[in-house]
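Coordinate analysis (summary)
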Protein chains: 6
Amino acid sequence: MDYNYTRSYHGRVQLVVFDWAGTTVDFGCQAPIVAFAEGFRQKGIEISMAQAREPMGREKRAHIRAITEMDEVARAWEAQYGRPVSGEDIDEMFDDFVPLLLRILPDHSQLIPGVSEAIASLREQGIRIGASTGYFREAADTVAAAAAVQGYRPDVAISSSEVAVGRPAPWLIYRIMEELNIHPAAAVVNVGDTVVDVESGLNAGVWSIGVAATGNETGLSAEEFARTPTAERQALVAAAREKLLRAGAHQVIDTMEELPGVIECINGQLGRGCSP
Amino acid sequence: MDYNYTRSYHGRVQLVVFDWAGTTVDFGCQAPIVAFAEGFRQKGIEISMAQAREPMGREKRAHIRAITEMDEVARAWEAQYGRPVSGEDIDEMFDDFVPLLLRILPDHSQLIPGVSEAIASLREQGIRIGASTGYFREAADTVAAAAAVQGYRPDVAISSSEVAVGRPAPWLIYRIMEELNIHPAAAVVNVGDTVVDVESGLNAGVWSIGVAATGNETGLSAEEFARTPTAERQALVAAAREKLLRAGAHQVIDTMEELPGVIECINGQLGRGCSP
Amino acid sequence: MDYNYTRSYHGRVQLVVFDWAGTTVDFGCQAPIVAFAEGFRQKGIEISMAQAREPMGREKRAHIRAITEMDEVARAWEAQYGRPVSGEDIDEMFDDFVPLLLRILPDHSQLIPGVSEAIASLREQGIRIGASTGYFREAADTVAAAAAVQGYRPDVAISSSEVAVGRPAPWLIYRIMEELNIHPAAAVVNVGDTVVDVESGLNAGVWSIGVAATGNETGLSAEEFARTPTAERQALVAAAREKLLRAGAHQVIDTMEELPGVIECINGQLGRGCSP
Amino acid sequence: MDYNYTRSYHGRVQLVVFDWAGTTVDFGCQAPIVAFAEGFRQKGIEISMAQAREPMGREKRAHIRAITEMDEVARAWEAQYGRPVSGEDIDEMFDDFVPLLLRILPDHSQLIPGVSEAIASLREQGIRIGASTGYFREAADTVAAAAAVQGYRPDVAISSSEVAVGRPAPWLIYRIMEELNIHPAAAVVNVGDTVVDVESGLNAGVWSIGVAATGNETGLSAEEFARTPTAERQALVAAAREKLLRAGAHQVIDTMEELPGVIECINGQLGRGCSP
Amino acid sequence: MDYNYTRSYHGRVQLVVFDWAGTTVDFGCQAPIVAFAEGFRQKGIEISMAQAREPMGREKRAHIRAITEMDEVARAWEAQYGRPVSGEDIDEMFDDFVPLLLRILPDHSQLIPGVSEAIASLREQGIRIGASTGYFREAADTVAAAAAVQGYRPDVAISSSEVAVGRPAPWLIYRIMEELNIHPAAAVVNVGDTVVDVESGLNAGVWSIGVAATGNETGLSAEEFARTPTAERQALVAAAREKLLRAGAHQVIDTMEELPGVIECINGQLGRGCSP
Amino acid sequence: MDYNYTRSYHGRVQLVVFDWAGTTVDFGCQAPIVAFAEGFRQKGIEISMAQAREPMGREKRAHIRAITEMDEVARAWEAQYGRPVSGEDIDEMFDDFVPLLLRILPDHSQLIPGVSEAIASLREQGIRIGASTGYFREAADTVAAAAAVQGYRPDVAISSSEVAVGRPAPWLIYRIMEELNIHPAAAVVNVGDTVVDVESGLNAGVWSIGVAATGNETGLSAEEFARTPTAERQALVAAAREKLLRAGAHQVIDTMEELPGVIECINGQLGRGCSP
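In this text the structure is predicted, and so the values were computed from the model without any measurement. (Residues numbered from 1 in each chain as written. Chains lettered and ligands numbered in written order. Predicted model: local features only at pLDDT ≥ 70, side-chain atom pairs only at ≥ 80, totals over all residues. Heavy atoms only, no water.)

Things to note about helix α7 (residues 137-149) of chain E
All names here are of chain E. Helix length check: α7 (13 residues) gives 18 Å between terminal C-alpha atoms against 18 Å at 1.5 Å per residue, within 8%. By the burial criterion, the buried members of α7 are Ala139, Ala140, Val143 and Ala147. Looking straight down α7, one finds that the buried residues subtend no more than 100° of arc, so they occupy a single side. Buried-residue contacts for α7 involve α5 (87-104). Positioned one or two residues after α7, Gly151 has a phi angle of 100°, which is positive. (Helix = DSSP H or I, 4+ residues; strand = E, 2+ residues; numbered from the N terminus. Expected span 1.5 Å × (residues − 1). Buried < 20%, exposed > 50% of the residue type's maximum accessible area, 1.4 Å probe, protein only. Arc of directions from axis to C-beta. Contact = heavy atoms within 4.5 Å.)

Here it is as structure tokens:
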């Protein structure tokens, strides 16, 4: 027997897994930023939105620590308290962060324009929908409840609380695949707005799509986006697109309107025997 | 930004997942066969080992039903009971199968020759070891306990009871990867002796290796293997090898002695940017 | 860090570099042939157009020497002068060749049919146009001036005088890319009618397109082309096409009318991540 | 003629182009950093080495402007001068930067350990050596003169002054190839320590190698490197390696000692018909 | 000379080779099955259609032996004759098989629906038609004569009698290519309904297409096919399709109606430089 | 069933097919040249060896016609006979060519140095040996008989008389494969010294190896080869090598000594799943 047989998937996309904030809800991924800024304000420290956003994608406690280590923030803290930030300070701020985020979330759970239409188009093709998030369970549930009211109900939703290690590990995606009993990985598409979203898709071996304009890498709320001069906005979106492409995204779209076309393109690649 | 960046894993194998029966213990994958035969014997029906083995790889209840549907077995049943097999009969036989298998297992949990050395070689390279099985939890625990006594202790062991859908779905492999926090799939190798083992590896997107001589597809116990004339034995092993290759195995080895060489070869392929 | 990132260009064609004689002007690449034949006639030696054309593509002095080494020409020379050709003879003929070519060029600088339309189509897509040539500077300038009158004005034109080593070295193409600041090579297409044109494109790592019917490999002037019987003409063009394909051309077109389609096809290949 | 012929280069590496600072001389790429810091000090502004290095790789005037736009530097400037930085200020600082760098360079032109041996090994294989740099001509000449004294004399050296647009454009590499008449691009290797070096190699279509430990991305002088605790040093080098890999480098080496092995590996890839 | 040139066929499909029974005539590949069953009946042994079909694809004498070795058949034989089957018995049955098949064939030579239209479509594109078969010459001639009456006349028809070794060896396909002087293999498509058909195509290096619904792997006559409930029929066809795909078929079609589309698809792949 | 299975040959080379003249016997491929020259001499026309060799590879009658169409030969013919060459002249010369070649062959059937050793090395690996030739049957038999005396006895030898269309059609190779029942094409290597040899291998889909130094493209007899100055000889061999590479040969060797290494290299490629 001198022959090998190489199996390749020639079917179609069966499952699309979406991130929540910045991808399907919360244009510009504002909620955690606002919560971080508010958390520091409660401690008497003013931080800018840019500072609040910079460590985005890290685990939330590590995110808080990273902000406290910025030169200006560290100086402000010392001025306020006469001593550097301690581990207890960070624990305290993290404990405060949870209720703060939960309180803020309902105001930041509006579906991003184009999401409903994109999901409807996928549904029509019989594609199943999963939702994953870096949020802990209550935050995820809050967002999901708000989205359901607006008509977006994924078949399965998993939060970071349900896995030992969060993104960029691929475990959220694998759990959703298992729950819906959909395999192989080549039949699955992951869609997210951050570098760690893109990397979790790559680590899972699925198709990994980045969303540039509405998410964390551009970092503008819907209102900010609307009032930013076109050239500046395009530059911000282009920089976000480049960042996601450099992370290895198979494709990057500006907004969800482009998603059905990308799925069609992936179906074409699968038909030619390509894999992610 | 007109560039795409295609990420590829250039590291080494970090995890090998082994099947139990026929791969690391129970030369020839005898235990379930013996249990099925004994189960039918208790019902007053004699079946051959070949008949007992034929549906191998299916879920155990489906396996029993498949045996009852063989022409000769069906006739024997009708001769014995004056009626065809009913769903209740199959339920009953399945309920009997569980304690029967558990009783038989300790006699069929000897490590297959070469396994200790292969595992030791992988350990030396820092490779983690996982164990998966189509057995339910108690059977898996029984085998694991017996193997531990002989010095084989995988880092993680998962049984079919822990996932909603068994092989060839990839969930067992994904759970082991998650437990050990090892990704991407290209860093993982699955080793098994059946077509469904090979397919579960492919479905997981990991490297999928088949073992031909010591497992279910050759289907000889260590003693039978030793006393079978060389030419006949070679023909049986060649047929087993072909069956596993036709399932899409990346490589098929006769015995575990060849495994370290195959891992080295996979490391070479990873170094050239290949993926499973 | 166990990952490599392979960058690939997914943009579109940004620059097309055209050869002059036989590609955009001078149907059949007649000017140098006529000049060579006239040069030998001035020495009292009649050579055929086929003999004049055979060494085409070589540097002009080497071209003259190659003609003198043909058996019949060598015999004719000895008959005329009573001695073999000397290095001084060749120098002299080369010195005569320059003004001769310059005098003849204006009569052989008509745009080849279809060139204007092809260039217009590329311009509409925002593609920049470069012109390269094996001619020395004055000859190149003469041709360019004549072409400009007919409406064809490349963004940059470079002659062999500006580089140390002529085609098939890729320096002319690289200079044009630098002048227009266009990279990478995958965004550039080279178009020419000779084997050395094709090879200069391959050596530059750009897309290399051959033109078969209107250039040197078919070797018919527009009038000759029109009056050659169809079957014979097709055979000549097919032979030219084969010669350019065997040189490694990515694609060979008969006439410039096919160019926009080829550019579209290359854009498609770039979109699928292919490179030249 | 229904056949295409795809040409591929099966020869060996013929030319290696090295960057200067951080790659072959000036361990840690200190000279421009020191000059920038000194330039600001002369204006009465203290900046950290990290601030001075951050915009590394940009054109020098843009580099200065980027430093002045950092929050703390901007505040210090306003405190010092009672007004924001003006275009004239930047022009002035750039004019001062040139003599400053030239004065400092001789102290930062020591060959990096391992460079002599690596070059000697390439020379033995008949490989030609080119040198390119982001420096302007006088700075490049100064460095080259100092290197020559230490025995490193590239066959061709080109500075940014000789091309219209600097890195990551590929023009420096193309000019060196032309000067030495070496093509195709697959026969050429570019070696540098910054992301723009890596990208200039990719843009040229040559093999692009990054050097992690001794260059700008690690950013430690030889002395700093020696006295940094091993774990921290390894983390810095690993981060530098990742940055260069993410830019698309075909391979990243820690130090020049690994270069001959990498060249051998590229020769192997060329032998198998691979291209950069 | 450091360049290799890889030739690839960019032409179109020039020849399609069809199997006879189950592919172009004899819906469900009934004739040999009926003949085998009748042969055993004449010996006083009743075998089922499933038993008669199981060894399908083997040489006819080996096919007969395989049936006699089935447990139930062996037992029936012993009950009938009081001794096991001998070599002479098999010879005798084979000798009887030939006239039996020839007698039966005319009733099983009807063109399968869709064949005429598919052939007509290929003819329009100038594609030549070959016919190969596992039948011996007289059987092949009988079928060909019947097909001719119905309007299907391949340019060349070859039977197994004309080659030393039958399928899955590729000799029948090579003989047809030679007869029509058509090469290379990439310009040829083989179409058949059995695993050995598919493998003979692969062994010849041509494009290998399987036909699932009308052939031996589904194994239903046109009437049986029509009256089988849809779900059961779909399951049978799906199983046949899977079997042919697992054999390595480049594509599997249900019925001949899909063939022109597949040929178009192969032309597209050839245009992109792919080979079988 | 959404999976395709791509079969690939992972075995080893099983058959090598050698051309006769210029490859295994008759260093420099002299016999037909000498016969052509002698044939013209008998007509009173002196032609050079270069003229006699130029059309090499064409069918013999076409070869003769091609010589008569060379300018000088045509003039000499007219001078001799007062009229151009007629079809009857060519028929006559072809009829004379057969006995002439047969008479000359025994003097040109010496094994080329290195052939015995190369064949012995292949035999040791269990590789079968085939011989094909453009000669008609009697010429082929004459050469084979002479080779047998010297110890070279291929397992099968086929002449052009046995196929309808000669090289570059692949029929000779296919017939040898059939005779020895060896497939697939990936297990076969063709070795020859002319462009049509190389193309017949490509057309058969087997590995196609060219021999440069000892064959028709270099065109020197063993004595001429020995006495030609090294530089000139190297240039001739390099030109021959380039010609065979440009025809698409997978590899070109100078002499048969390199063959076992090339076979080993092909075995390596097969092991990596590559095909010709």
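That covers the picture; the talk isn't over yet.
Quick word on the environment of Trp171 of chain A
Mapped onto the fold, Trp171 of chain A is located in helix α8 (residues 171-180). Judged by its relative accessible area of 0%, Trp171 of chain A is buried. Considered as a pair, Trp171 of chain A and Gly201 of chain A are 30 residues apart in the sequence and their alpha carbons are 9.9 Å apart. Apart from residues lying up to four places away in sequence, Trp171 of chain A is in contact with Val163 and Val165 of chain A together with Tyr174, Met177, Glu178, Asn181, Ile182 and His183 of chain B.

What to know about the sheet that holds strand β5 (residues 188-192) of chain D
Residues and elements named next belong to chain D. Ordered by their spatial adjacency, 6 strands build an open sheet running β4-β3-β2-β5-β6-β7, and the pairing between neighbours is parallel. Lying at the two open borders of the sheet, with one neighbouring strand each, are β4 (156-158) and β7 (251-253). Taken over all neighbouring pairs, the strand axes of this sheet differ in orientation by 20° on average, direction set aside. Of the pairings in the sheet, the one linking strand β2 (residues 15-19) to β5 comprises 4 bridges and is parallel in character. Within the sheet, the bridge partner assigned to Val16 lies in β5 and is Val189. The strands touched by helix α8 (residues 171-180) within the sheet are β2, β3 (128-132), β4 and β5, with β4 carrying the most contacts at an inclination of about 150°. (Pairing = 2+ DSSP bridges. Axes fitted to C-alpha atoms, helices over the stretch in contact; angles between N-to-C directions.)

A few points about the domain arrangement of chain A
Residue and element names in this part refer to chain A. When cut into domains, chain A gives domain 1 (15-29 + 109-271) and domain 2 (31-107). Contacts between the two partners involve 13 residues from domain 1, matched on the other side by 12 residues from domain 2. Carbon and sulfur atoms supply 64% of the area that domain 1 and domain 2 bury against each other, a total of about 1,100 Å² over both sides. One can count 0 salt bridges joining domain 1 with domain 2. At the boundary of domain 1 and domain 2, one finds 6 residue pairs in polar contact (both at pLDDT 80 or more). Among the elements that make up the side of domain 1 that touches domain 2, the one with the highest residue count is helix α7 (residues 137-149) (4 residues). Classifying every residue of the side of domain 1 that touches domain 2 by side-chain character gives 6 nonpolar, 5 polar and 2 charged. (Domains from an automatic or database assignment. Buried area = accessible area lost by both parts, 1.4 Å probe. Salt bridge = Lys/Arg side-chain N within 4 Å of Asp/Glu carboxyl O. Polar contact = N/O pair within 3.5 Å; in protein donor to acceptor, adjacent residues only side chain to side chain. Nonpolar A, V, L, I, M, F, W, Y, C, P; charged D, E, K, R; others polar.)

Section: the sheet that holds strand β4 (residues 156-158) of chain C
Residues and elements named next belong to chain C. If you walk across this open sheet you meet the 6 strands as β4-β3-β2-β5-β6-β7, and the pairing is parallel. Edge positions in the open sheet fall to β4 and β7 (251-253), since each of these has one partner strand only. In this sheet, neighbouring strand axes are inclined to one another by 20° on average, regardless of whether the strands run parallel or antiparallel. Where helix α9 (residues 195-204) meets the sheet, it contacts β2 (15-19), β5 (188-192) and β6 (207-211), and its direction lies at approximately 170° from that of β6.

So, the environment of Arg7 of chain F
Within the fold, Arg7 of chain F resides in strand β1 (residues 3-9). A residue is classified by how much of its surface remains accessible, and Arg7 of chain F, at 15% relative accessible area, is buried. In sequence terms Arg7 of chain F and Lys243 of chain F are 236 residues apart; their C-alpha atoms lie 33 Å from each other. Apart from the residues lying within four places of it in its own chain, the contact partners of Arg7 of chain F are Tyr3, Asn4 and Tyr5 of chain A together with Glu199, Leu202 and Asn203 of chain E. Within polar-contact distance, the side chain of Arg7 of chain F engages the side chain of Tyr3 of chain A at 3.5 Å. Side chain to side chain, Arg7 of chain F and Asn203 of chain E meet in a polar contact 2.6 Å long.

Concerning the relation of the copies chain F and chain E
Each copy superposes on the other: chain F lies on chain E with an RMSD of 0.1 Å after a rotation of 180° and an axial shift of 0.0 Å. The two molecules are tied by a two-fold rotation axis, judged by turn and shift. A shared interface surface links the copies, since 100% of the contact residues of chain F are contact residues in chain E too. (Least-squares fit on C-alpha atoms with pLDDT ≥ 70 in both.)

Quick notes on the pattern of salt bridges
Pairs can form between side chains of opposite charge whenever their charged atoms are close. Taken as a whole, this structure holds 97 salt bridges over all chains when the rule is applied. For the salt bridge of Arg75 of chain D with Glu72 of chain A, the shortest nitrogen-to-oxygen distance reads 3.2 Å. Of this pair, Arg75 of chain D sits in helix α4 (residues 71-81) while Glu72 of chain A is found in helix α4 (residues 71-81), placing the two residues in two different chains. In this structure, Arg246 of chain D engages Glu199 of chain A in a salt bridge whose closest nitrogen and oxygen atoms are separated by 2.6 Å. Linking Arg246 of chain D in helix α11 (residues 230-246) with Glu199 of chain A in helix α9 (residues 195-204), this pair reaches from one chain into another.

A closer look at the interface of chain F and chain E
Often, the extent of an interface is quoted as the loss of accessible area upon association of its parts. Listed per partner, the contact involves 29 residues of chain F and 30 residues of chain E. Summed over both partners, the interface of chain F with chain E buries about 2,700 Å², with 54% contributed by carbon and sulfur atoms. Our enumeration of links across chain F and chain E arrives at 2 salt bridges. With a shortest N-O distance of 3.0 Å, Arg175 of chain E and Glu178 of chain F are connected by a salt bridge. For the interface between chain F and chain E, the tally reads 10 residue pairs in polar contact (both at pLDDT 80 or more). Secondary-structure elements contributing two or more residues to the side of chain F that touches chain E are β1, α8 (171-180), α9 (195-204) and α11 (230-246) of chain F. In terms of residue class, the side of chain F that touches chain E is made up of 17 nonpolar, 6 polar and 6 charged.

Focus on the pairing of β2 of chain C
Residue and element names in this part refer to chain C. For β2, the buried fraction is high: 5 of the 5 residues fall into the buried class. With burial as the criterion, each face of β2 is covered, one bearing Leu15, Val17 and Asp19 and the other bearing Val16 and Phe18. Where β2 meets strand β3 (residues 128-132), 5 bridges bridge the pair, whose relative direction is parallel. Bridge assignment links Phe18 to a residue of β3, and that residue is Ala131.

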